[in-house]
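Read off the chains here:
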Amino acid sequence: MLKLSLSRMEELFSRINGERTLYAPIQIGEQTQFTPWVPDAAVQMNRLSTVKSPKDYFFPHIEDIAAFRVQGKEIEILDVRTEAAPFAVFGVRACDAESLNLLDRIFLDDPIDTFYESKRKSGLIITTACFEPEETCFCGVFGIDALSPGGDIATWIVDDTLYWNALTEKGEALTEAVKDLFEETDDMAVKAAQEKAQTVFDKLPFRDLNLDGLTGEVLMKKFNSPEWANLNPSCLSCGTCTFICPTCHCYDIQDFDTGKGIQRFKCWDSCMCSDFTLMAHGNPRTSQLERFRQRYMHKLIYFPDNNDGAYACVGCGRCVQKCPISMNIVKVIKALGVENDV
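No experiment lies behind these values; they were computed from the predicted model shown.

Enquirer: Help me understand the nonpolar core, please; the structure alone is not making it clear to me.
Expert: Among soluble globular proteins, nonpolar side chains are generally buried collectively. Residues Phe138, Phe292 and Ile329 are the most contacted members of the largest nonpolar core, which totals 57 residues. Those elements giving two or more residues to this core turn out to be α2 (94–107), β8 (153–158), α5 (188–201), α7 (227–231), α9 (288–306), α10 (318–322) and α11 (329–336). Each of domain 1 (2–201) and domain 2 (216–340) contributes no fewer than three residues to this core. Dropping the residues within four chain positions of it, Phe138 is found in contact with Phe206, Leu209, Cys313, Gly315, Gly317, Val320, Ile329 and Val330.

Given below as structure tokens:
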């Protein structure tokens, strides 16, 4: 393990940025977002949750995927793919790091999304452990250890020191490039901080959230549960929960006439929207209740049933914080889980 005084973080950021584009949690106005690092940027390493996750750098909100040149009846297909340039995202929390592992199951399974694959190969994740979780955090429910956050390089901030440990080949390569800034050390300070913080995690309001009643074996019982009629009416279908979620991955494909040709692009979409999956014959989910049910059935039953038990939620708490009417996945789990007479 290596350590570095926090007073030298600017040096570290500058060195990493010299190797690859660096994104960090930077305060802009009253919000903290992952944005490109520049000297003297207001980096907020103590900020627990950014407004959005670093998902954007691997699965962009809007991304060109093809172009077409049209001349009369002749159509030429243009390949717009390029290799992603090397980049690093610093300060990623364990929940957001795990969300990328879940997206891998979607985009790196056959047929592979080569756009996502290129960014995953070029991107490097530097995580930071959480020692002071917010009351809305519940990553532990999904087996995520916020105190040992994973990624390519894991870091811990204890008092005025940054502790650094490479976990993958990509992490080792970057570590070699910046190693002269660090000192060798043991992990005693980190372990002491982890033990102290664990007592805080053990007291979080959602620590006992029970997922036992949510399995594919009871799919139809949950699908037809009367609880949906109780949960759904307050939902505004605004889609906020889907657009801030680090694991949501639905997208639409559209064509745009540039005047010189056609640009085809994909853009995020939301299962909460009435025109989601709209086709010539109509929409298979015509009511708000059906769309509301789809979102949570997918995260809690469909996805784990098809992905070795991995839930499509990482407990980051963003939807708990941002939903304008306080309807979120925690309430759904409580209503449909083991407490609901499975």
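Enquirer: Please clarify how the domain arrangement of the chain should be interpreted in this entry.
Expert: Bring the parts together and some accessible area is lost; that lost area is often taken as the interface size. Domain assignment breaks the chain into domain 1 (2–201) and domain 2 (216–340). A straight line from the C-alpha centre of domain 1 to that of domain 2 covers 25 Å. Counting from both sides, the interface comprises 36 residues of domain 1 and, opposite them, 35 residues of domain 2. Interface of domain 1 and domain 2: buried area, both sides summed, is about 3,200 Å²; carbon and sulfur atoms make up 62% of it. Broken down residue by residue, the surface that domain 1 buries against domain 2 is led by Phe68, Phe138 and Phe142, which jointly contribute 18%.

Enquirer: What's the story with the packing of aromatic side chains in this structure? I'm lost.
Expert: Given two aromatic rings, their pairing is described by the distance between the two centres and the angle made by the two planes. Within the structure shown, the criterion is met by 17 aromatic pairs. A ring pair is formed by Phe59 and Tyr251, whose centres lie 6.2 Å apart and whose planes are at 70°; its orientation type is edge-to-face. Of this pair, Phe59 sits in the loop between β3 (31–36) and β4 (62–71) while Tyr251 sits in strand β11 (residues 251–257), and the two are 192 residues apart along the sequence. Its relative accessible area of 36% is what places Tyr251 among the partly exposed residues. Between Phe90 and Trp164 the ring centres are 6.3 Å apart and the planes differ by 50°, which places this aromatic pair in the tilted class. One end of the pair, Phe90, is in strand β6 (residues 87–92); the other, Trp164, is in strand β9 (residues 161–166), and 74 residues separate them in sequence. In this structure an aromatic cluster arises from ring pairing among Phe59, Phe107, Tyr116, Phe243, Tyr251 and Trp268. The ring of Trp268 has Lys55 lying over it, and the distance from NZ or CZ to the ring centre is 4.4 Å. Across the ring face of Phe223, the terminal group of Arg293 is positioned such that the distance to the ring centre comes to 3.7 Å.

Enquirer: Any chance you could explain the sheet that holds strand β12 (residues 262–268) here in plain terms?
Expert: To summarise the sheet geometry, strands pair through backbone hydrogen bonds and adopt either a parallel or an antiparallel arrangement. In spatial order, the strands read β5-β4-β12-β11; together these four strands make up an open sheet with antiparallel pairing. Edge strands, defined here as strands with exactly one partner in the open sheet, are β5 (74–78) and β11. Here the average twist between neighbouring strands, direction ignored, is 25°. Two strands pair when backbone bridges link them, and β4 and β12 are joined in this way by six bridges, in the antiparallel orientation. Among the inter-strand pairings, Phe68 is bridged to a residue of β12, identified as Ile262.

Enquirer: Would you mind going over the sheet that holds strand β10 (residues 183–184) with me for this structure?
Expert: Pairing is mixed in the open sheet, where eight strands are placed in the order β3-β2-β6-β7-β8-β9-β1-β10. Two strands lie at the open edges of the sheet, namely β3 and β10, each paired on one side alone. Its contacts with the sheet place helix α4 (residues 169–178) against β1 (2–5), β7 (123–128), β8 and β9, and it is angled at close to 130° to β9.

Enquirer: Sorry if this is basic, but what is going on with the layout of surface pockets here?
Expert: If a probe the size of a water molecule is rolled over the atoms, the empty space left behind becomes visible. The volume enclosed by the largest pocket comes to roughly 430 Å³. If you go around the largest pocket, you meet 16 residues; those closest to its centre are Ala129, Cys130, Phe131, Glu132 and Ile157. Ranked by residues supplied to the lining of the largest pocket, first place goes to α5 with four residues. Across the lining of the largest pocket, the residue classes tally to ten nonpolar, two polar and four charged.

Enquirer: What is the right way to look at the pattern of salt bridges in this model?
Expert: A side chain with one charge can pair with a side chain of the opposite charge if their charged atoms come near. Enumeration over the complete set of coordinates arrives at 17 salt bridges. With a closest N to O distance of 2.8 Å, Arg15 and Asp180 form a salt bridge. Linking Arg15 in helix α1 (residues 9–19) with Asp180 in the loop between α4 and β10, this pair joins segments that are 165 residues apart in sequence. Asp96 serves as the salt-bridge partner of Arg318, at 2.9 Å between the closest nitrogen and oxygen. With Arg318 in helix α10 and Asp96 in helix α2, this pair connects stretches of sequence that are 222 residues apart. In this structure, Arg318 and Asp96 share a single accessibility class: buried.

Enquirer: Teacher, can you tell me more about unusual backbone geometry here?
Expert: Among all residues except glycine, the phi angle is most often negative; among peptide bonds, the trans geometry is most common. Cis geometry is found at the peptide bond from Asp110 to Pro111, where omega equals -5°. Among the secondary structure elements, Pro111 is positioned in the loop between α2 and α3 (114–122). Within the chain, Asp40 stands out as a residue other than glycine whose phi angle is a positive 65°. For Asp40, the location among the structural elements is in the loop between β3 and β4. Exposure remark for Asp40: the relative accessible area of 70% places this residue in the exposed category. A positive phi is found at Ser326, a non-glycine position, where the angle reads about 60°.

Conventions used here
- Per chain, residue numbering runs from 1 following the sequence as it is written.
- pLDDT decides what is reported in this predicted model: residues at 70 or higher carry local features, side-chain atom pairs at 80 or more are listed and counted, and totals for whole chains, interfaces and linings draw on all residues regardless.
- Hydrogens are left out, water is left out, and the side-chain values use all remaining heavy atoms of the structure.
- To qualify as a nonpolar core, a set must consist of buried Ala, Val, Leu, Ile, Met, Phe, Trp, Tyr and Cys residues joined through side-chain atoms within 4.5 Å.
- When accessible area is computed with a 1.4 Å probe and restricted to protein chains, residues below 20% of their type maximum are described as buried, those above 50% as exposed, and intermediate ones as partly exposed.
- In this text, helices come from DSSP runs of H or I with a minimum length of four residues, and strands from runs of E with a minimum of two, each type numbered from the N-terminal end.
- Domains are outlined according to an automatic or database domain assignment.
- Any two residues having at least one pair of non-hydrogen atoms within 4.5 Å are treated as being in contact.
- A simple way to read buried area is as the amount of 1.4 Å-probe accessible surface that goes missing from two parts once joined, with both sides added.
- Classification of ring pairs uses Phe, Tyr and Trp, with its six-membered ring standing for Trp, and accepts pairs whose centres are within 6.5 Å; under 30 degrees between planes counts as stacked, over 60 as edge-to-face, and the remaining range as tilted.
- Each ring is checked for a lysine NZ or an arginine CZ that lies within 6 Å of its centre and within 35 degrees of its normal; such an atom marks a charge sitting over the ring.
- Any two strands are treated as partners once DSSP identifies two or more bridges connecting them.
- To obtain each axis, a line is fitted to C-alpha atoms, and for helices this fit is confined to the stretch in contact; angles are then taken between N-to-C directions over 0 to 180 degrees.
- As defined here, a cavity is a set of points on a 1 Å grid over the protein atoms alone where a 1.4 Å probe fits but cannot get out. A pocket is an open set with protein on both sides within 12 Å along at least five of seven lines, and residues line them when an atom is within 4 Å of a point.
- Grid points are joined across faces, edges and corners, and a volume is the space filled by probe spheres set on the points.
- For this scheme, ten residues count as nonpolar: Ala, Val, Leu, Ile, Met, Phe, Trp, Tyr, Cys and Pro. Four count as charged, namely Asp, Glu, Lys and Arg, and the remainder, Gly too, count as polar.
- Any Lys or Arg side-chain nitrogen located within 4 Å of an Asp or Glu carboxyl oxygen qualifies as a salt bridge.

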